[in-house]
Amino acid sequence: QVQLVESGGGLVQAGGSLRLSCAASGRTFSTYIMGWFRQAPGKEREFVAHITRSGGSSYYADSVKGRFTISRDNGKNAVFLQMNSLKPEDSAVYYCAAKEFWGASMIRWDTYDYWGQGTQVTVSS
């Protein structure tokens, strides 16, 4: 198993930046594919980004492409989400998630195995 704890959320004005962190403990962090998801009130949890075990490849939702960057540091057991040019519609609870196996449904939240508790991001207009 792996335990995940997110941090770095907060209140920011539109156009601003935040950097989310997710600290992992437990089994070897580098064996997991890592993802970020978000959920706004009344909406379904949606995919934001994922990154391969080595960190060599990543994939983004169209809504955040060019503004957000996912990265990981396997030596520090951590994954990050740098969020720039934030918009009010980015407001949500952001979750990091770990997935053991690569598959066809990498953007579906229900295919991830472990989750953090979430961190709130609020972008004011």
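The structure displayed is predicted, hence computed values, not measured ones. (Residues numbered from 1 in each chain as written. Predicted model: local features only at pLDDT ≥ 70, side-chain atom pairs only at ≥ 80, totals over all residues. Heavy atoms only, no water.)

### Observations concerning the pairing of strand E11 (residues 119-124)
In E11, alternate side chains face the same way, and those of Thr119, Val121 and Val123 are buried while those of Gln120, Thr122 and Ser124 on the opposite face are not. In this structure, strand E2 (residues 10-13) lies alongside E11, joined through four bridges in parallel fashion. Looking at the pairing, Leu11 lines up with Thr122 of E11. As judged from the three bridges shared by strand E9 (residues 92-99) and E11, these two strands associate in the antiparallel manner. Directly across from Ala92, in E11, lies its bridge partner Val121. (Buried < 20%, exposed > 50% of the residue type's maximum accessible area, 1.4 Å probe, protein only. Helix = DSSP H or I, 4+ residues; strand = E, 2+ residues; numbered from the N terminus. Pairing = 2+ DSSP bridges.)

### Brief notes about the sheet that holds strand E1 (residues 2-7)
Read from one edge of the open sheet, four strands run E1-E3-E8-E7, paired in antiparallel fashion. Both outer strands of the open sheet, E1 and strand E7 (68-73), are each paired with one neighbouring strand and no more. Pairwise comparison of adjacent strand axes, ignoring direction, gives a mean angle of 15° for this sheet. Pairing analysis gives six bridges linking E1 to strand E3 (residues 18-26), with the strands arranged antiparallel. Pairing of Leu4 across the sheet is with Ala24, part of E3. (Axes fitted to C-alpha atoms, helices over the stretch in contact; angles between N-to-C directions.)

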